[in-house]
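Architecture at a glance
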Amino acid sequence: MNVLHRDPLVLLIEDFLQPGEAEHMIAAARPLMERSGIFADGAKTAYSEARTSSNAFLDDGGDHVIRCIEERASLISNVPVNYTEPLQVVWYRRNQEFRPHHDYISAKNLKHDYWAHIGQRYVTMLVYLNEPAKGGNTLFPTLKLDVPPKKNAALFWYNINLDGVEDERTLHGGSPVDEGEKYAINIWQRKMLPHVQAILDASVADD
Ligand SMILES: O=C(O)CCC(=O)C(=O)O
Ligand SMILES: [Fe+2]
């Protein structure tokens, strides 16, 4: 395991996936791929030049490889496995990218977000399923980190700090793939934090 940054903590966990799991995930996701969206106002999805990839959501219904990956991620982060979102497999072809953004949900969107009942996105584990021929690094502009995709490795970070405050320094993006293609899994784990609970309570009071 490599500590890429200490505060905020960013880890690269090599061999997070076992042999064959990456291929299994790509095969499961391929038929379900759709153009990626971003959160717009409220719970709506919008299409944007800022995110030109495709993605597919996979839940663990009956698939023991997916379940096993979710359990492994939960053992590492200590977030209960039922706080895992359906896994999102992302797929970038040549010139596709996801420009720098935060994975946490803004307070405004969290209030409307249909995921809100399980809380803010606490942990991101970005698991690389292959290595593009050229480009496709994960870039953290504020932290000055530029991480080349390494097959089977997981890039791990916390989107919010221990006080429950969104950590703006976690700004990151997927640089354009220059040659070949790139597949990765987003494992997002949620946490019900007091300030999230307060937002939800306020939104129930509004209704
Ligand atoms: O593709 C990458 O390296 C980053 C992907 C990402 O940040 C995301 O999908 O939220
Ligand atoms: Fe992201």
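Residues numbered from 1 in each chain as written. Chains lettered and ligands numbered in written order. Predicted model: local features only at pLDDT ≥ 70, side-chain atom pairs only at ≥ 80, totals over all residues.

1. Quick word on the overall build of the chain
Along its length, the chain carries four helices and 16 strands. Counting every position in the chain, which comprises 207 residues, the buried fraction comes to 32%. Looking at the chain alone, contacts between residues at least 24 apart form 75% of all its contacts between residues at least 6 apart. (Helix = DSSP H or I, 4+ residues; strand = E, 2+ residues; numbered from the N terminus. Buried ≥ 20, exposed ≤ 12 C-beta atoms within 10 Å, placed from the backbone. Contact = placed C-beta atoms within 7 Å.)

2. Remarks on the nonpolar core
Counting 36 residues, the largest nonpolar core has Val 89, Met 125, Val 127, Ala 154, Ala 184 and Ile 185 as its most contacted members. At the level of secondary structure, the elements contributing two or more residues to this core comprise α1 (21–29), α2 (64–77), β7 (87–92), β9 (120–128), β13 (154–158) and β16 (182–191). With six residues, the top contributor of residues to this core is β9. With sequence-adjacent residues up to four places away left out, Val 89 is seen in contact with Met 25, Ala 29, Asn 55, Ala 56, Leu 58, Tyr 183 and Ile 185. (Core = buried A, V, L, I, M, F, W, Y, C linked by C-beta atoms within 7 Å.)

3. Side note on α2
Taking 1.5 Å of rise per residue, 14 residues should cover 20 Å, and α2 covers 20 Å from first to last C-alpha, within 8% of that figure. Among the residues making up α2, those that are buried are Ile 66, Ile 69, Glu 70, Arg 72, Ala 73 and Ser 77. In an axial view of α2, the angular spread of the buried residues amounts to 160°, which keeps them on one side of the axis. Set apart from the buried face of α2 by more than 90 degrees, the exposed residues are His 64 and Leu 75. Looking at the buried residues of α2, the elements they touch are α1, β6 (54–58), β7, β9 and β16. (Expected span 1.5 Å × (residues − 1). Arc of directions from axis to C-beta.)

4. Points about the site of ligand 1
Near ligand 1, the surroundings consist of Val 90, Phe 98, Asp 103, Leu 126, Thr 138, His 172, Gly 174, Ala 184 and Asn 186. If you list the elements that add at least two residues to the shell around ligand 1, you get β14 (172–174) and β16. Looking at the shell around ligand 1 residue by residue, the classes come out as four nonpolar, four polar and one charged. (Near = placed C-beta within 6 Å. Nonpolar A, V, L, I, M, F, W, Y, C, P; charged D, E, K, R; others polar.)

5. Concerning the environment of Pro 141
By secondary structure assignment, the location of Pro 141 is in the loop between β11 (138–140) and β12 (145–147). Pro 141 gets classed as exposed once you count the C-beta atoms within 10 Å, which come to 12. Spatially, the C-alpha atom of Pro 141 lies 15 Å from that of Leu 9, the residues being 132 residues apart in sequence. In contact with Pro 141, not counting residues within four places along its chain, are Pro 100 and Leu 171.

6. A look at unusual backbone geometry
Asp 7 connects to Pro 8 through a cis peptide bond whose omega is 5°. Along the polypeptide, Pro 8 turns up in the loop between β1 (2–5) and β2 (10–13). The residue Asp 15 is not glycine, and still its phi comes out positive at about 55°. Looking at the element boundaries, Asp 15 is found in the loop between β2 and α1. On the basis of neighbour counts, which here come to 12 C-beta atoms within 10 Å, the residue Asp 15 falls in the exposed class. Positive phi, normally seen in glycine, also occurs at Asn 95, with a value near 70°. Assignment of secondary structure puts Asn 95 in the loop between β7 and β8 (98–101).

7. Focus on the sheet that holds β14
Read from one edge of the open sheet, four strands run β8-β14-β11-β12, paired in antiparallel fashion. Sheet topology places β8 and β12 at the edges, where each strand pairs with a single neighbour. Taking the axes of each pair of neighbouring strands and ignoring which way they run, one obtains an average angle of 10° across the sheet. As paired strands, β8 and β14 are joined by two bridges and run antiparallel to one another. Looking at β14, one finds that His 101 is bridged to His 172. (Pairing = 2+ DSSP bridges. Axes fitted to C-alpha atoms, helices over the stretch in contact; angles between N-to-C directions.)

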